[in-house]
Amino acid sequence: MNKCRVSVLCIAVLALLSGCDQSVQNPNTMFSEKHQDPIKELEVTTKIDRSQFRYKQTFYVPIYSDIYTDRENRKVLLSATLSVRNTTLKKSLYINKIDYYDTDGDFVKSYVKNPIELPAMATLNYIVEKEEDKGGSGANFIIEVEGIDDTVTPVIEAVMIGNFSNKAFSFSTEGTPVVH
């Protein structure tokens with residue numbers, strides 16, 4: 001092949017690869033039943049009548065996007081799954097905020113544009129990929145929930161997984177209510 005054909009072939013392959021649908025590469029989309037972002041899938045598009053709501057709570061959820069493994073301060077990147085579970089049998093839980101902060105307490109990203117309605121006994125799982133290392137070893141989520149009464153108190157956890165050398169490991173953290 002001459003240089004011109006090789007160049008055209010390379011450009012065509014790059015154009016094809018760059019045109020790939022990013023949602024296919026997003027694990028939150030790939031692993032959802034409807035192949036949609038689970039947060040967007042649960043977003044409420046109509047106005048919520050909050051006049052009956054008697055419960056509102058903010059939670060701090062620690063996650064680790066990396067940890068140190070030894071005296072040489074080698075860093076291992078971790079993937080994390082944030083899990084918000086509605087533990088009631090009949091009532092919806094509303095999630096108003098899922099904000100991500102880094103080790104220094106600086107705001108990184110908001111995951112919620114509109115409130116999310118989490119039906120009774122449902123779970124919202126959201127994956128923070130290990131390549132996302134902006135959070136650091138002290139990353140955390142601030143999550144605000146709301147509901148009809150305090151029986152809709154959620155269970156909020158994060159599960160981190162990673163590997164180092166030939167060993168794999170996982171651990172979890174729990175959300176802690178924030179006192180205002």
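Attention in this report is confined to the structure presented alongside it. Note that residues are indexed from 1 along each chain, following the sequence as it is written. Restriction of local features to residues with pLDDT of at least 70 applies here, the model being predicted, together with a cutoff of 80 or more for giving and counting side-chain atom pairs; totals for whole chains, interfaces and linings are based on all residues. Each side-chain value is derived from all of the structure's non-hydrogen atoms; neither hydrogens nor water enter the calculation.

1. Quick notes on the environment of Asp-104
Relative to the helices and strands, Asp-104 is located in the loop between strand 5 (93–101) and strand 6 (107–110). The cut-offs for exposure are 20% and 50% of the maximum accessible area for each residue type, with area from a 1.4 Å probe on protein chains only; residues under the lower value are buried, those over the upper are exposed, and the others partly exposed. What makes Asp-104 exposed here is its relative accessible area of 65%. Taking the C-alpha atoms as reference points, Asp-104 and Gly-138, 34 residues apart in sequence, are found 7.6 Å from one another. Each helix corresponds to a stretch of at least 4 residues labelled H or I by DSSP, and each strand to a stretch of at least 2 residues labelled E; elements are numbered beginning at the N terminus.

2. Focus on the pattern of salt bridges
Each reported salt bridge corresponds to a side-chain nitrogen of Lys or Arg within 4 Å of a carboxyl oxygen of Asp or Glu. Applying the stated criterion to the full structure yields 2 salt bridges. For Arg-50, the salt bridge identified is with Glu-146, shortest N-O distance 2.7 Å. Taken together, the positions of Arg-50 in the loop between helix 4 (38–42) and strand 1 (55–62) and Glu-146 in strand 9 (residues 140–147) put the pair 96 residues apart, joining distant regions of the chain. Residue Glu-146 is classed as buried on the basis of its relative accessible area, which comes to 8%. Put simply, Lys-91 and Asp-149 hold a salt bridge, and the shortest N to O gap is 2.9 Å. Taken as a pair, Lys-91 in the loop between strand 4 (79–85) and strand 5 and Asp-149 in the loop between strand 9 and strand 10 (155–164) lie far apart in primary sequence, 58 residues in all. Look at Lys-91 and you get partly exposed, because its relative accessible area is 29%. The partly exposed category is assigned to Asp-149, whose relative accessible area is 22%.

3. A few points about the nonpolar core
Only buried residues count toward a nonpolar core. Its members are Ala, Val, Leu, Ile, Met, Phe, Trp, Tyr and Cys residues joined through side-chain atoms within 4.5 Å. Counting 28 residues, the largest nonpolar core has Ile-63, Leu-82, Val-84, Ile-95, Ile-98, Phe-141 and Ile-143 as the members making the most contacts within it. Elements with a contribution of two residues or more to this core: strand 1, strand 4, strand 5, strand 7 (116–118), strand 8 (123–128), strand 9 and strand 10. Sorting elements by how many residues they give to this core places strand 5 first, with 4 residues. We call two residues contacting when some pair of their heavy atoms lies within 4.5 Å. Residues within four places of Ile-95 in sequence aside, it is in contact with Val-84, Val-112, Pro-115, Ile-116, Leu-118, Leu-124, Ile-143, Glu-144 and Val-145.

4. Some thoughts on a positive patch on the surface
Here the term patch refers to residues with relative accessible area over 30% and no salt bridge, with like charges joined within 9 Å and nonpolar side chains (Val, Leu, Ile, Met, Phe, Trp, Tyr) within 5 Å. Only the protein chains shown count as cover for residues, and all accessible areas are computed by the Shrake-Rupley method using a 1.4 Å probe. Counting rule applied: Lys, Arg positive; Asp, Glu negative; His and chain ends not counted. The location of each charge is read from NZ of Lys, CZ of Arg, CG of Asp or CD of Glu. On the surface, a cluster of positive charge is contributed by Lys-40, Lys-109, Lys-113 and Lys-134. Tracing the chain through its elements places Lys-113 in the loop between strand 6 and strand 7.

5. Structural notes on the sheet that holds strand 8
One open sheet holds the 4 strands; their spatial order is 8-4-10-11, and the pairing between them is antiparallel. Edge strands, defined here as strands with exactly one partner in the open sheet, are strand 8 and strand 11 (167–174). Pairs of neighbouring strands in the sheet enclose a mean axial angle of 15 degrees, with direction left out of account. In this scheme, strands are said to pair when DSSP sees at least two bridges between them. Across 8 bridges, strand 10 lies against strand 11 in antiparallel orientation. The residue of strand 11 that forms the bridge with Ala-158 is Thr-173. Fitting a line to C-alpha atoms yields each axis, with helices limited to the stretch in contact; the angle taken between N-to-C directions then spans 0 to 180 degrees.

6. Regarding the packing of aromatic side chains
Only centres within 6.5 Å qualify two rings of Phe, Tyr or Trp (six-membered ring in Trp) as a pair; their planes then separate them into stacked at under 30 degrees, edge-to-face at over 60, and tilted for everything else. The full count for this structure, using the stated rule, is 7 aromatic pairs. Relative to Tyr-111, the ring of Tyr-100 lies with its centre 6.3 Å away and its plane at 70 degrees, an arrangement referred to as edge-to-face. With a gap of 11 residues between them, Tyr-100 in strand 5 and Tyr-111 in the loop between strand 6 and strand 7 connect regions that are remote in the sequence. In terms of burial, Tyr-100 and Tyr-111 fall into one category: buried. Under the relative-accessibility criterion, Tyr-111 is labelled buried at 13%. Grouping aromatic residues by their ring pairs yields a cluster made of Tyr-100, Tyr-111, Tyr-126 and Phe-141.

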